[in-house]
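Take a look at the letters that make up each chain.
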Amino acid sequence: MTLVLSTPPATAATVVLAPWVSCTDFWCRNETDDTYRVDVVSNCGFGAERVVRAYLPAHRTTSVNGGCGSRSEPCSDDITGSCSRPNPVFGIRYDNVVIDDSPIPPWPFGGTGSSF
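These numbers were taken from a predicted model, which means no experiment stands behind them.

Topic: the state of the cysteines
Point 1. Going through the model one piece at a time under the given rule, you end up with 3 disulfides.
Point 2. Each disulfide pairs two cysteine sulfurs, and for C23 the partner residue is C28, the sulfurs being separated by 1.9 Å. Across the S-S bond of C23 and C28 the torsion is about 100 degrees, and the bridge reads as right-handed. Here C23 matches C28 in class, with each residue buried.
Point 3. Here C75 connects covalently by a disulfide to C83, the sulfurs 1.7 Å from one another. Between C75 and C83, the S-S torsion sits near 110 degrees, and that sign places the bridge as right-handed. Each of the two residues, C75 as well as C83, counts as buried.
Point 4. With its bonded cysteines labelled in order along the sequence, the protein chain shows the pairing 1-2, 3-4, 5-6.

Cut-offs and rules
Residues numbered from 1 in each chain as written. Predicted model: local features only at pLDDT ≥ 70, side-chain atom pairs only at ≥ 80, totals over all residues. Heavy atoms only, no water. Disulfide = S-S within 2.5 Å. Buried < 20%, exposed > 50% of the residue type's maximum accessible area, 1.4 Å probe, protein only.

Listed below in structure tokens is the structure:
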């Protein structure tokens with residue numbers, strides 16, 4: 001099953017990926033007995049996208065850690081130093097939502113996120 005939905009992060013809208021599986025911004029909740037695999041696509045502007053694969057374990061809330069990387073710029077309190085600032089995210093889309101009950105690959109090589 002492929003699902004393509006888009007929502008800007010500022011709206012904090014809940015997107016339903018499957019029955020009892022939903023995401024809001026960069027957090028997903030899975031209320032099922034299965035693990036879901038989903039590609040989280042961040043719109044970084046100017047046609048640039050960043051894709052991370054997330055695994056949503058059964059009965060967990062998971063941070064999917066999407067984003068558009070960071071940039072260096074002069075620090076406001078010390079102009080001689082350089083500070084890292086996150087690049088803006090203009091929208092989030094969830095692609096390729098599938099049940100994947102195989103063992104979750106170790107982070108960061110096969111997936112992203114932390115669960116609680």
